[in-house]
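Take a look at the letters that make up each chain.
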Amino acid sequence: MAVVIYAVDRGSPAERAGILPGETLYSMNGNEICDVLDYRFYETEQELSLLLGSKEGERRTVKIRKGQYQPIGLGFETYLMDRQHSCRNKCVFCFIDQLPKGLRESLYFKDDDSRLSFLFGNYITLTNLSQHEADRIISMHISPINVSVHTTNPELRVKMMGNRFAGESLRHLYRFAQAGVKLNCQLVLCHGWNDGEELERTLKDLLALYPSVQSVALVPLGVTRFREGLTPLTPYDAETAAQVVDAAERWGQDMLRLHGERVCYAADEFYLKAKRPLPPAAFYGAFDQLENGVGLVASFQEEFLDALEEFPGDDACREYTFATGVSFAPFLEELLDALHRKCHNLKYRVVPIRNRFFGESINVAGLVTGCDLIGQLEGSQLGDALFLPSSMLRHEGDLFLDGTSLDEVERRLGVRTVTVPDDGCELLNLIVGSE
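Residues numbered from 1 in each chain as written. Predicted model: local features only at pLDDT ≥ 70, side-chain atom pairs only at ≥ 80, totals over all residues. Heavy atoms only, no water.

Peer 1: How should I be thinking about the sheet that holds strand 13 (residues 346-353) in this particular structure?
Peer 2: Paired through their backbone hydrogen bonds, the strands of a sheet run either parallel or antiparallel. Strand order in this open sheet of 4 strands is 13-12-14-15, and the pairing throughout is parallel. Strands at the two margins of the open sheet, each flanked by one partner only, are strand 13 and strand 15 (417-420). Each strand axis lies, on average, 25° off the axis of its neighbour in the sheet, ignoring direction. The pairing of strand 12 (residues 318-325) with strand 13 spans 8 bridges and is classified as parallel. Directly across from Thr321, in strand 13, lies its bridge partner Arg349. Strand contacts of helix 11 (residues 329-340): strand 12 and strand 13, with the helix running at about 175° to strand 13, the strand carrying the most contacts. Helix 12 (residues 370-377) contacts strand 12, strand 13 and strand 14 (385-389) of the sheet and is inclined by roughly 125° relative to strand 13. (Pairing = 2+ DSSP bridges. Helix = DSSP H or I, 4+ residues; strand = E, 2+ residues; numbered from the N terminus. Axes fitted to C-alpha atoms, helices over the stretch in contact; angles between N-to-C directions. Contact = heavy atoms within 4.5 Å.)

Peer 1: Teacher, can you tell me more about unusual backbone geometry here?
Peer 2: Glycine aside, residues mostly have negative phi, and peptide bonds are mostly found in the trans state. Put simply, Ser143 and Pro144 share a cis peptide bond, and its omega is -10°. Pro211 follows Tyr210 through a cis peptide bond whose omega is 10°. Relative to the assigned elements, Pro211 resides in the loop between helix 7 (197-207) and strand 10 (213-220). Although it is not a glycine, His141 sits at a positive phi angle of roughly 50°. Mapped onto the fold, His141 is located in the loop between helix 4 (131-140) and strand 8 (145-148). Taking relative accessible area as the criterion, His141 reaches 42% and is therefore assigned partly exposed. (Buried < 20%, exposed > 50% of the residue type's maximum accessible area, 1.4 Å probe, protein only.)

Peer 1: Hey, could you run me through the sheet that holds strand 9 (residues 183-189) in this one?
Peer 2: Spatial ordering of the open sheet is given by 8-9-10-11, a layout of 4 strands whose pairing is parallel. Of all strands in the sheet, those bounded by a partner on one side alone are strand 8 and strand 11 (264-266). Each strand of the sheet is rotated relative to its neighbour by a mean of 20°, with strand direction disregarded.

What follows is the structure in structure tokens.
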């Protein structure tokens, strides 16, 4: 396989070597280049021999000498240098299958790409992994790899994931662990399917792979109001969520005693559903599973309060509205109360946005839509600015899940918006320095 060079950066080692857009890159130091992982891995060498081909089919070799981690300066048509790999599973709990029609087209794409796991932290199921890709992960010692395991029972995994290869593909997991590849594992739990005794089995199997398995996150399935025609699933309630929390803490405590690391964690949402207090930040170690909502609240609180200790306070007059998901609203209010003790002229209002679009069982900020935001805030006195979590918007920061633009929200609500990343220190900085 080979990739076509789309652009050459000005002043780069590639330009100085005379490499031209439109040429084909076949190999680097004799290693075949198929995609971005090959390219980035072999690019780090200081001395490179690139095998190139012209549009006419003529081949030539170009020598480059550069700094060890200096980029060569080649650009390709897509970041991955080929097509993104899509998911072949039909998981009973798939959130994308529960989306209504008419949302942004990109939301309906199910990715299952090992390259995105390493580069961007996406989770893969291993069912889409070729032997070549598995061998490459081991030979390059790519770590960490994020894996959606769900269960280590092969037969149950086939049933839950709707893929006859789902059980067999677990061999990659055990092979990676044996090779010392670091693994973050995710279990999306469905009540009556992979919790209870099946969860005990899965945790026993995964935690036996420590230290290769560096974290295991227990995450509840999300159920929207658009599940018509799909496998019936029962959301967790206070009692069943508490059982999951108990299992996670029991196994985590055993790992802490044996290895000095907890490794196994329940997502914040399980604690909230169980009406249990969230553990402190120190409980979560290195926060390996923040993207799964594991320790997200504790991390945010710690960042905010640590920054607040350094802030002397002021008398500036500010009036802001903060919109967030139902689950995070009470924690945000506590943080703003603490800030108010140093900024007596701060006026604030926290508005938990109920998710009428997907259904009110969905209560995280990242799934709040623009239409719900407008519907629940329009006509209200919002002060000088409206603060929103950036997780409500796509990566470019301009559109909500339902396609509503941030500009439209500002126009309809008649207020300036301030988007806040998942960082408590940044929130404080934006509040006290937003002028």
